[in-house]
Amino acid sequence: MFAVQYLRFGGPDVLEVGQIDQPHPGPGEVRIAVRASGITGADAILRSGGLRPDLKFPHIPGVDAAGVVDEIGLGVTGVAIGDEVFGAVDVMLLGGAAAEFAVLQFWAPKPPTWSWAEAGGAATSVETATRTLDALGIGLGSTLLIEGASGAVGSVAVQLAVARGVRVVGTGSPQNHDLIAELGGVPTTYGPGLPVRVAKLAPDGVDAALDVAGAGSLPDLLTITGDAAKVLTIADFTAPDHGVRLSYSGSGQPDGRHGLSTAARLAAEGRLRIIVRDTFGFGRAAEAHARAEDRRGSGKVVLTVS
Ligand SMILES: NC(=O)c1ccc[n+]([C@@H]2O[C@H](COP(=O)([O-])OP(=O)(O)OC[C@H]3O[C@@H](n4cnc5c(N)ncnc54)[C@H](OP(=O)(O)O)[C@@H]3O)[C@@H](O)[C@H]2O)c1
């Protein structure tokens, strides 16, 4: 099969399309003929050598994918050959999705309202947003501050929280405030003075704060909530210094993969959008990774099979 792959660590230019053996699903897994595969922040860190120095080459990047089921592993029920699904590969492997065929560990039906690109960029954002909202324990009537509400994970977290009946105050650059408002959040700017701005927007206080930006704002989030137990980050590795929980896949904590079916339902009802910044054919994977890393605009960069 064809696959995007790399044989050494480096910048986006180490990516090439080559031929590699097809994978097959193990028990509990399905294989899809990939139609789209979103690029995540972890793809770039892994490719640059910053995450797993012992990574085996060739490595196929990509964790998120959407496509058509073409093989079904032992014990799998509720899905048939030919079904259109979106999901994620084994998140611990951090790879395998940017290929002609990918083996998914968890998935849900592709909502008819989503393009392939939207579906291909959805799964780990949905899993992460679901996992963190669950861990914060917020629900109907709560107020949640999301630091980084305009990003790939943040935009999904805003919409899933709103669907749970939560009032969301979300930070982003001024040019993304309209987007945050369209998603159902009350926008504000990140950076110095955040506690004062949030106090004006949520005079009764916030019940929890979710940091998806990892930009050093945990001290402010502690000031705003007054309690480290009410703060959760997915991207700030100084969390233990502040007594704050750091949530990540494979941490042994309950995961959020059950959120994919909720997301599919909300999307079918027009209540969940995946923001796609750009799409590229698989042959332009190097350009796509460079685009994902240039930080201009918000949302996912997605590789598509045309
Ligand atoms: N632990 C996990 O399970 C997990 C899972 C997925 C991702 N992650 C990590 O989570 C982080 C976010 O991922 P993503 O894909 O959502 O990234 P993204 O799409 O690039 O979004 C980043 C967000 O941070 C905001 N931001 C940028 N600079 C900021 C600053 N100085 N202060 C506050 N906010 C700022 C951006 O706002 P503007 O664009 O409006 O400026 C945007 O809302 C990455 O580090 C990623 O590796 C962790």
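Given the structure is predicted, the values throughout are model-derived calculations rather than measurements.

Quick question: what am I supposed to make of the UniProt feature "domain: Enoyl reductase (ER)" (unreviewed entry) in the protein chain here?
In the numbering adopted here, UniProt assigns the feature "domain: Enoyl reductase (ER)" (unreviewed entry) to residues 10–303. The straight-line gap between the two end C-alpha atoms of residues 10–303 is 19 Å; of that span, 28% is helix and 23% is strand.

Whenever I open this one, the environment of A228 confuses me. Can you help?
Among the secondary structure elements, A228 is positioned in the loop between α7 (218–225) and β12 (231–233). Once the C-alpha coordinates of A228 and L218 are considered, the two residues, ten residues apart in sequence, prove to be 9.2 Å apart. Those residues in contact with A228, other than ones at most four positions away along the chain, are L222, H242, G243 and V244.

Can you walk me through the domain arrangement of the protein chain in this structure?
Where the parts come together, the accessible area they lose is often given as the size of the interface. Parsing the protein chain into structural domains produces domain 1 (2–122 + 274–304) and domain 2 (126–246). For domain 1 versus domain 2, the distance between C-alpha centres works out to 27 Å. Across the boundary between the two partners, domain 1 contributes seven residues, which contact nine residues of domain 2. Carbon and sulfur atoms make up 70% of the surface buried where domain 1 meets domain 2, a total of about 570 Å² over both sides. Where domain 1 packs against domain 2, one counts zero salt bridges. In this structure, the connection of domain 1 to domain 2 is made through one residue pair in polar contact (both at pLDDT 80 or more). Grouping the constituent residues of the side of domain 1 that touches domain 2 by class yields four nonpolar, two polar and one charged.

Sorry if this is basic, but what is going on with the site of the ligand here?
Around the ligand, the surrounding shell holds 22 residues, and the nearest of these are S150, S173, N176, Y190 and S247. With respect to the ligand, the side chain of S173 contributes an N or O atom lying 2.4 Å from an oxygen atom. Residue I234 places a main-chain N or O atom 3.0 Å away from a nitrogen atom belonging to the ligand. Protein contacts shield 73% of the accessible area of the ligand, which totals 940 Å² for the unbound molecule. Counting residues per element, the ones that place at least two in the shell around the ligand are α3 (123–136) and α4 (152–163).

What counts and what doesn't
- Residues numbered from 1 in each chain as written.
- Predicted model: local features only at pLDDT ≥ 70, side-chain atom pairs only at ≥ 80, totals over all residues.
- Heavy atoms only, no water.
- UniProt positions renumbered as here; feature names shortened; annotations may be inferred.
- Helix = DSSP H or I, 4+ residues; strand = E, 2+ residues; numbered from the N terminus.
- Contact = heavy atoms within 4.5 Å.
- Domains from an automatic or database assignment.
- Buried area = accessible area lost by both parts, 1.4 Å probe.
- Salt bridge = Lys/Arg side-chain N within 4 Å of Asp/Glu carboxyl O.
- Polar contact = N/O pair within 3.5 Å; in protein donor to acceptor, adjacent residues only side chain to side chain.
- Nonpolar A, V, L, I, M, F, W, Y, C, P; charged D, E, K, R; others polar.
- Near = heavy atom within 4 Å.
- Areas by Shrake-Rupley, 256 points an atom, 1.4 Å probe, with all protein chains shown as cover.

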